[in-house]
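Chain by chain, the residues run as shown.
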Amino acid sequence: MTQVQTEDIRVLEAMLFASAEPLSLTTIRERLPANSDVGGMLMALQKTYDKRGVHLVDMDGEWAFRTAQDLGEALQLKKEVQRKLSRAAMETLAIIAYHQPVTRAEIENIRGVATHKGTLDVLMEAGWIKPGRRRETPGRPLTWVTATAFLDHFGLESMMDLPGLDELKASGLLDRRPAIETLPSTGELFAVEDDDESEEFLREEEVE
Amino acid sequence: MTQVQTEDIRVLEAMLFASAEPLSLTTIRERLPANSDVGGMLMALQKTYDKRGVHLVDMDGEWAFRTAQDLGEALQLKKEVQRKLSRAAMETLAIIAYHQPVTRAEIENIRGVATHKGTLDVLMEAGWIKPGRRRETPGRPLTWVTATAFLDHFGLESMMDLPGLDELKASGLLDRRPAIETLPSTGELFAVEDDDESEEFLREEEVE
Amino acid sequence: MIGQAQFEEDPPRVSASEIVDDAEALLLDIDGYEGPIDVLLVMARNQKVDLTKISILQLARQYMAFIDQAQAMELELAAEYLVMAAWLAYLKSRLLLPGEGDEDEPDAETMAEALQFQLRRLEAMQKAAEDLFSLPQLGQDIFPRGAPEGLRTATDTVWDVSLYDLLKAYGDIQRRKDNDHYELPQFNLVSMEAAMERMTRMLGKLPRKGIHSVWTTLQSFMPEQIKDRLYARSSLASALTVGLELAKQGKVEIKQDGLFRPVYLRASYEGEGKT
């Protein structure tokens, strides 16, 4: 390659690099010395970049540098984002887990509120639920079942490991506590277990 | 060079090509396998591009591909429309570049004139200057230093490459000390203003 | 360094009229200057000598003429121009009358040197600015990638949901359903009626002093030996409410010495005679 051509290739390279648009042969020719072998220089440049992270791409006679296609993945930075599930999604997921296969209408019936379409989408996107068979009833509604990622995420070996209703009751999760009891400030009023404590209470009252 | 490293250099090359802004070592490391010899790879890549139309430029630890400086004329590319800087802004920029870190009061002393609020704003908006550390003197005034975009804009690799820096140093003209006080009650007046400004700046930071 | 020679009264290189013309010319372009040092620098350049060999005295004179002219033209100059004028006037007097003035005051040579340094430093910075902006610039001579693809970030969502959250959610649904037919439990409370009955009865038994009974704490009206906290609290509440109601009717008087002090009641028989 001649000295002159090497210099022209440098200009060509810089031109292609800096241009916002792919350049046509005509445009390139206008900017290079007359009678330059633009085609030959482009081929030479393309060959130079052949195995690199950047390729010189011919797009229907217009030329531009582009990052190599096989590097798309490698170039992406993966970031983890922690997210909480909405209450609606949480409950919907619980119902699907306990009642599967279950139709959307049934879910709504159990929750007592309509289900937003987005709720099932979020759960499906997380890989926790998937559509099951259609129910052989009028309208053939779609049912929903849990997917593999559900067991993974919640650390369960199988759906059989999900605590049953009785166990939930035993663990207090289904407790039917009166509303007045759940008020934190009044809680102590019910906690009379021994005499000492109640006497103390009365002494306090006397101080008042 | 190992196969793995060649592949990593491809990714590095593509990454630098794909980014409009100079990339810091941290940003680069995030996207390469842990324990990669990022510095070594950058040097290798820089050498590869050494004689090409596009150069890999190190700007004080931030890296970017830029067209070779000698090709400016030959490229015949559309030049960006530049906002004409005021003389005050140009002088202020030069003072910050050569005297950094420098406080506003010191800039005013060197120029012998008060600095309009807009002057530093314009330079900061261009990304050329940024606030540095506070000077540990009474009033803890904010100092100003140049930012990466300054090096990028003027095609400098580091502050050492500032034109005429060595002569200026040798002549003792980079002394920041006030020679004569030509500003009415400089000290207190401007120290106070400095504080206001930096607080404002910090507030902005918080909003972001 | 400035030689002694420059501090002596130089034979004027320029005539007084020239100085005035010069000052006028400078003033016409006052907006084009960046402060008094910049003006002095222009004046110094007009002397067409190296800054290190500049005649400070001549410079001072020119500057004073400049200020005089500005005042004659009724131009408003920024404060720093006047501060510089005062400084130069002082320097001029020190140069012309060496030996006078305080020992503490800086001598004329030091002052002249300082001014010279100030001028040279600003000149250097003005040149640095010029040099800087004659460098190849991004977007003019150097170009970044024209069509950067940009660096993408792929976000992986990690759900912060535990098995407990799931079971709790299911529990909540079950509970909501059960709440449809929820019955309120029975609470053992002291009713207002019971408290009224008890207090009226006890007030009647209190020892009398004139038209009043003795002062008695509210606590004394409450049943003794209460074990149930809720019962105790409702008893106190009812007793106080009843007390307030009776006070409204004029049947008792209530007093409390201060916040959180015991509440006292006494029966009042004032109204009884009239009825």
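Since this is a predicted model, take the numbers as computed values, not measurements. (Residues numbered from 1 in each chain as written. Chains lettered and ligands numbered in written order. Predicted model: local features only at pLDDT ≥ 70, side-chain atom pairs only at ≥ 80, totals over all residues. Heavy atoms only, no water.)

1. Observations concerning the sheet that holds strand β4 (residues 216-217) of chain C
The strands that make up a sheet pair up through hydrogen bonds in the backbone, lying either parallel or antiparallel.
Residues and elements named next belong to chain C.
Right, on to step 1. The three strands lie next to each other as β4-β6-β5, forming an open sheet whose pairing is antiparallel. Here the strands that pair on one side only, and so sit at the sheet edges, are β4 and β5 (252-256).
Right, on to step 2. Bridge count between β5 and strand β6 (residues 263-267): five bridges; the pairing is antiparallel. For glutamate 253, the partnering residue across the bridge sits in β6 and is arginine 266.
Right, on to step 3. Sheet contacts for helix α8 (residues 229-248): β5 and β6; angle to β5, the most-contacted strand, approximately 125°. (Pairing = 2+ DSSP bridges. Helix = DSSP H or I, 4+ residues; strand = E, 2+ residues; numbered from the N terminus. Contact = heavy atoms within 4.5 Å. Axes fitted to C-alpha atoms, helices over the stretch in contact; angles between N-to-C directions.)

2. Here we look at the interface of chain A and chain B
Right, on to step 1. Listed as interface residues are 27 residues of chain A and, on the opposing side, 28 residues of chain B.
Right, on to step 2. For the pair chain A and chain B, the two sides together bury roughly 2300 Å², of which 60% comes from carbon and sulfur.
Right, on to step 3. Looking at the side of chain A facing chain B, the largest losses of area belong to A:Arg10, A:Phe17 and A:Arg52, adding up to 27% of the total buried there.
Right, on to step 4. Where chain A packs against chain B, one counts four salt bridges. (Buried area = accessible area lost by both parts, 1.4 Å probe. Salt bridge = Lys/Arg side-chain N within 4 Å of Asp/Glu carboxyl O.)

3. Thoughts on the confidence of the model for chain C
Residue and element names in this part refer to chain C.
Right, on to step 1. Per-chain confidence: chain C averages 80 in pLDDT, with 85% of residues scoring 70 or above.
Right, on to step 2. No element of chain C has a lower mean pLDDT than helix α9 (residues 270-274), at 55, and none a higher one than helix α5 (residues 108-133), at 90.
Right, on to step 3. Confidence over residues 1-12 falls short of pLDDT 50; this stretch has 19 contacts with residues more than four positions distant or in other chains.
Right, on to step 4. Here the predicted complex carries an ipTM of 0.63, next to a pTM of 0.60. (pLDDT = per-residue confidence, 0-100.)

4. Some words on the sheet that holds strand β2 (residues 54-59) of chain A
Right, on to step 1. In spatial order, the strands read β1-β3-β2 (chain A); together these three strands make up an open sheet with antiparallel pairing. The open sheet has two edge strands, β1 (23-24) and β2 of chain A, and neither has a second partner.

5. A short note on a negative patch on the surface
All names here are of chain A.
Right, on to step 1. On the surface, Glu21, Asp58, Asp60 and Glu62 cluster together to form a negatively charged patch.
Right, on to step 2. Inspection of the secondary structure assignment puts glutamate 62 in strand β3 (residues 62-67).
Right, on to step 3. What makes glutamate 62 partly exposed here is its relative accessible area of 34%. (Patch = residues over 30% accessible without salt bridge, like charges linked within 9 Å, V, L, I, M, F, W, Y side chains within 5 Å. Areas by Shrake-Rupley, 256 points an atom, 1.4 Å probe, with all protein chains shown as cover. Lys, Arg positive; Asp, Glu negative; His and termini not counted. Charge placed at Lys NZ, Arg CZ, Asp CG, Glu CD. Buried < 20%, exposed > 50% of the residue type's maximum accessible area, 1.4 Å probe, protein only.)

6. Considerations on the pairing of β2(A)
All names here are of chain A.
Right, on to step 1. Pairing of β2 with β3 involves six bridges; the strand directions are antiparallel. Within β3, the residue paired with histidine 55 across the bridge is arginine 66.
Right, on to step 2. Counted along the chain from β2 to the antiparallel partner β3, the turn is two residues long, and its residue aspartate 60 has a positive phi close to 55°.

7. Thoughts on the packing of aromatic side chains
The description of two aromatic rings rests on the distance between their centres and on the angle between their planes.
Right, on to step 1. In this structure the tally under the stated criterion is 16 aromatic pairs over all chains.
Right, on to step 2. Geometrically, the ring pair formed by A:Phe150 and A:Phe154 is tilted, given 4.9 Å between the ring centres and 50° between the ring planes. Taken as a pair, A:Phe150 and A:Phe154 lie in helix α8 (residues 148-154) at a separation of four residues, close to a single helical turn. As far as the burial class goes, A:Phe150 and A:Phe154 line up, both buried.
Right, on to step 3. With 5.6 Å between their ring centres and 45° between their planes, B:Trp128 and B:Phe154 make a pair best called tilted. Highlighted residues: B:Trp128 in the loop between α7 (117-125) and β5 (129-134) and B:Phe154 in the loop between α8 (148-153) and α9 (165-171), separated in sequence by 26 residues.
Right, on to step 4. For B:Trp128, a relative accessible area of 9% gives the class buried.
Right, on to step 5. A relative accessible area of 1% means that B:Phe154 is categorised as buried.
Right, on to step 6. Members of the aromatic cluster, connected to one another through ring pairs, are A:Phe17, A:Tyr49, A:Phe65, B:Phe17, B:Tyr49 and B:Phe65. (Phe/Tyr/Trp six-rings, centres within 6.5 Å; stacked < 30°, edge-to-face > 60°.)

8. Some remarks on empty space enclosed by the protein
Right, on to step 1. Per the counting criterion, the structure on display carries one cavity of 30 Å³ or more.
Right, on to step 2. Computed from the structure, the largest cavity encloses a volume of approximately 60 Å³.
Right, on to step 3. Surrounding the largest cavity, 13 residues form its lining, A:Leu16, A:Ser19, A:Ala64, A:Arg66 and C:Ala147 being those nearest its centre.
Right, on to step 4. Elements represented by at least two residues in the lining of the largest cavity include exactly α1 (3-18) and β3 of chain A.
Right, on to step 5. In terms of residue count, β3(A) provides more of the lining of the largest cavity than any other element does, four residues in total.
Right, on to step 6. Here the lining of the largest cavity is composed, by residue class, of nine nonpolar, one polar and three charged. (1 Å grid on protein atoms, 1.4 Å probe; cavity = no way out; pocket = protein on both sides within 12 Å on 5 of 7 lines; lining within 4 Å. Points joined across faces, edges and corners; volume = space filled by probe spheres on them. Nonpolar A, V, L, I, M, F, W, Y, C, P; charged D, E, K, R; others polar.)

9. A short note on the pairing of β6(C)
All names here are of chain C.
Right, on to step 1. Of all the five residues making up β6, four are buried; the element is thus mostly covered by neighbouring parts of the structure.
Right, on to step 2. Sheet topology note: the β4/β6 ladder contains two bridges and is antiparallel. Note on β6: the bridge partner recorded for threonine 217 is tyrosine 264.

10. Topic: the pattern of salt bridges
Right, on to step 1. For the structure on display, the rule yields 32 salt bridges over all chains.
Right, on to step 2. Among the ionic pairs, B:Arg135 bridges to B:Glu106, the shortest N-O distance being 2.6 Å. Of the two residues, B:Arg135 is situated in the loop between β5 and β6 (142-146) and B:Glu106 in helix α6 (residues 104-111); the sequence distance between them amounts to 29 residues.
Right, on to step 3. For B:Arg135, a relative accessible area of 18% puts it in the buried group.
Right, on to step 4. Take B:Glu106: its relative accessible area is 15%, and that puts it in the buried class.
Right, on to step 5. The network of salt bridges with shared partners includes A:Arg87, A:Glu91, A:Arg111, C:Lys168 and C:Asp172.

11. Some remarks on the layout of surface pockets
Unoccupied space between atoms shows up once a probe the size of one water molecule is rolled over them.
Right, on to step 1. The space that makes up the largest pocket amounts to roughly 620 Å³.
Right, on to step 2. In this structure, the largest pocket is lined by 23 residues; those nearest its centre are B:Glu80, B:Gln82, B:Ala126, B:Trp128 and B:His153.
Right, on to step 3. A domain-level breakdown of the lining of the largest pocket finds at least three residues from each of domain 1 (3-75) and domain 2 (87-207) of chain B.
Right, on to step 4. As for the second largest pocket, its lining consists of 19 residues, and the residues nearest its centre are B:Val113, B:His116, C:Tyr33, C:Glu34 and C:Gly35.
Right, on to step 5. Classifying every residue of the lining of the second largest pocket gives nine nonpolar, five polar and five charged. (Domains from an automatic or database assignment.)

12. As for a nonpolar patch on the surface
Right, on to step 1. A contiguous nonpolar patch, built from C:Leu28, C:Met73 and C:Leu75 and spanning about 280 Å² of accessible area, is present on the exposed surface.
Right, on to step 2. Considering the arrangement of structural elements, one finds C:Leu75 in the loop between α3 (56-72) and α4 (79-96).

13. Here we look at the side chain of B:Thr92
All names here are of chain B.
Right, on to step 1. Along the chain, threonine 92 turns up in helix α5 (residues 87-99).
Right, on to step 2. With a relative accessible area of 0%, threonine 92 lands in the buried category.
Right, on to step 3. Separated by 2.6 Å, the side chain of threonine 92 and the backbone oxygen of alanine 88 make a polar contact.
Right, on to step 4. Threonine 92 has contacts with Ile107, Arg111, Thr119, Leu120 and Leu123, leaving out every residue within four places of it along the chain. (Polar contact = N/O pair within 3.5 Å; in protein donor to acceptor, adjacent residues only side chain to side chain.)

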